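Each chain is listed here by its residues.
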Amino acid sequence: MIRSIRHFQDVHAHAASVAHWSQLYSQLTAGALESSLQQLSSDRCHVFRERINQRVVQQGEAPGQRVCFAVPIAIPGTARMQGRDADDNSLFFLRGGEEFMFHMPTGMDLLSITFERAFFDAALLEIPFAEEIARLLRQPVIKVPAQRFAECRQRLMAMFSEALVNDELSGTPARQDELEQALLGELVQLVIDPACDRHQRSGSSTQDFIVEKCHRMAMAETMSAPSVMELCERLQVSRRTVQNSFRTVADTTPLSYLRSVRLNGVRRALRGSRAGDLTVGDAAGQWGFFHLSHFAAEYQELFGELPSQTPRAARWHDA
């Protein structure tokens, strides 16, 4: 079993270090970032705990041929998963290959557990009402009874923490199998609890849809980032609707959100290249920033450092 404990001052280095996941993180709130990432990986299971001190939006695709659970340890603000509200009593679920967008509030602490699809499906076939549980797992956010969830969370965290530091609990194939079965058993028992909310909810809200569409436009049209008014025209909604959507979903304004997404794009470009291969000015221009003094001030405000101070590719693994 592979184990690691790492700390970061950059959300992009953090995201790139999460094994098996294809995803981009963007920091939305201003200030120096501090995060931690603890991971366990075996043949049939990958568990990681991440804590990040800034508000972050995560966008990507769940690992193929897997099923993915996430258990909030703490949600100190508004969280949105696939356009649904989430709180401390929300279990998250994604299927392998599914695209996702997750708005993580400042200071969130999350435990994610991913199983091989075949391993999970075999366990599901052995329980009563398997079809009903399969329908429940079509929901990306499942509301769970508070006391039941707290007990399950405590046991999951205890197993994870012990295995992370104790060679005897994960050092042999038999012990790995025991840990995998125990983690899976806890989550299966949680979702088959009759008190779980089995109400089939509709898709994401209009507000989440608007924020996601604007986010994707900003990511796709990097050199000519659309203005808020252009976004309103394309989506055929009012400026007030767009403003309210961003305030509800991301607790910020559209202008601030989209500028932050673009600044994160510059930061990824800088960290992924050597200084001799890509200048700061060229990286900024790729994301629609052409007034370099304004750009540098906005970059420093968001990340706590000037773009010229950002570690480049040769120092990527020193984050």
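The preceding data block contains the structure.
Residues numbered from 1 in each chain as written. Predicted model: local features only at pLDDT ≥ 70, side-chain atom pairs only at ≥ 80, totals over all residues. Heavy atoms only, no water.

1. Examining the overall build of the chain
Secondary structure summary: the chain contains twelve helices and twelve strands in total. Radius of gyration (C-alpha) of the chain: 21 Å, near the 20 Å computed for a compact globule of 319 residues. Once the C-alpha set of the chain is aligned to its principal axes, its extents read approximately 60 × 45 × 30 Å. Going through the 319 residues of the chain one by one, you find that 51% of them count as buried. The contacts of the chain with a sequence gap of at least 6 include a subset with a gap of at least 24, amounting to 74%. Carbon and sulfur atoms provide 50% of the accessible area of the chain, an area that totals close to 14,400 Å². If the 34 positive side-chain charges of the chain are averaged to one point and the 38 negative ones to another, these points end up 4 Å apart. (Helix = DSSP H or I, 4+ residues; strand = E, 2+ residues; numbered from the N terminus. Rg over C-alpha atoms; globule rule 2.2 N^0.38 Å. Buried < 20%, exposed > 50% of the residue type's maximum accessible area, 1.4 Å probe, protein only. Contact = heavy atoms within 4.5 Å. Areas by Shrake-Rupley, 256 points an atom, 1.4 Å probe, with all protein chains shown as cover. Lys, Arg positive; Asp, Glu negative; His and termini not counted. Charge placed at Lys NZ, Arg CZ, Asp CG, Glu CD.)

2. As for the packing of aromatic side chains
Evaluation of the coordinates by the stated rule reveals twelve aromatic pairs. Centre to centre, the rings of F92 and F102 are 5.4 Å apart; their planes meet at 65°, and the pair counts as edge-to-face. Taken together, the residues F92 in strand β9 (residues 90–95) and F102 in strand β10 (residues 99–104) connect sequence positions ten residues apart. Note on accessibility: F92 and F102 belong to one class, buried. Among the aromatic residues, ring-to-ring pairing joins F69, F93, F115, F119 and F120 into one connected group. For R153, the ring lying beneath its charged end belongs to F149, and the centroid distance is 4.6 Å. Sitting above the plane of the F303 ring, R267 keeps its charged end 4.6 Å from the centroid. (Phe/Tyr/Trp six-rings, centres within 6.5 Å; stacked < 30°, edge-to-face > 60°. Lys NZ or Arg CZ within 6 Å of the ring centre and 35° of its normal.)

3. Some details on the packing of helix α4 (residues 146–165) against helix α6 (residues 173–191)
Here α4 crosses α6 at 170°, and the two axes come no closer than 10 Å. Taken together, α4 and α6 sit at an angle that is classed as roughly antiparallel. Judged by residue contacts, R148, F149, C152, R155, L156, M159 and A163 of α4 engage L179, A182, L183, E186, L187, Q189 and L190 from α6. Its residues placed into classes, the contact of α4 with α6 shows ten nonpolar, one polar and three charged. (Axes fitted to C-alpha atoms, helices over the stretch in contact; angles between N-to-C directions. Parallel < 35°, antiparallel > 145°, perpendicular 65-115°, else oblique. Nonpolar A, V, L, I, M, F, W, Y, C, P; charged D, E, K, R; others polar.)

4. Here we look at the sheet that holds strand β12 (residues 141–143)
Pairing within the open sheet is antiparallel, and its seven strands lie in the order β1-β3-β4-β11-β6-β9-β12. The sheet terminates laterally at β1 (2–8) and β12, the two strands that pair on one side only. The sheet shows a mean angle of 15° between the axes of neighbouring strands, taken without regard to direction. One ladder, built from three bridges, connects β9 with β12; its direction is antiparallel. Its bridge partner lying in β12, S90 is registered against K143. Here helix α2 (residues 117–125) sits on the sheet in contact with β6 (66–74) and β11 (109–116), set at roughly 85° to β11. Strand contacts of α6: β3 (35–41), β4 (45–52), β6, β9 and β11, with the helix running at about 105° to β11, the strand carrying the most contacts. (Pairing = 2+ DSSP bridges.)

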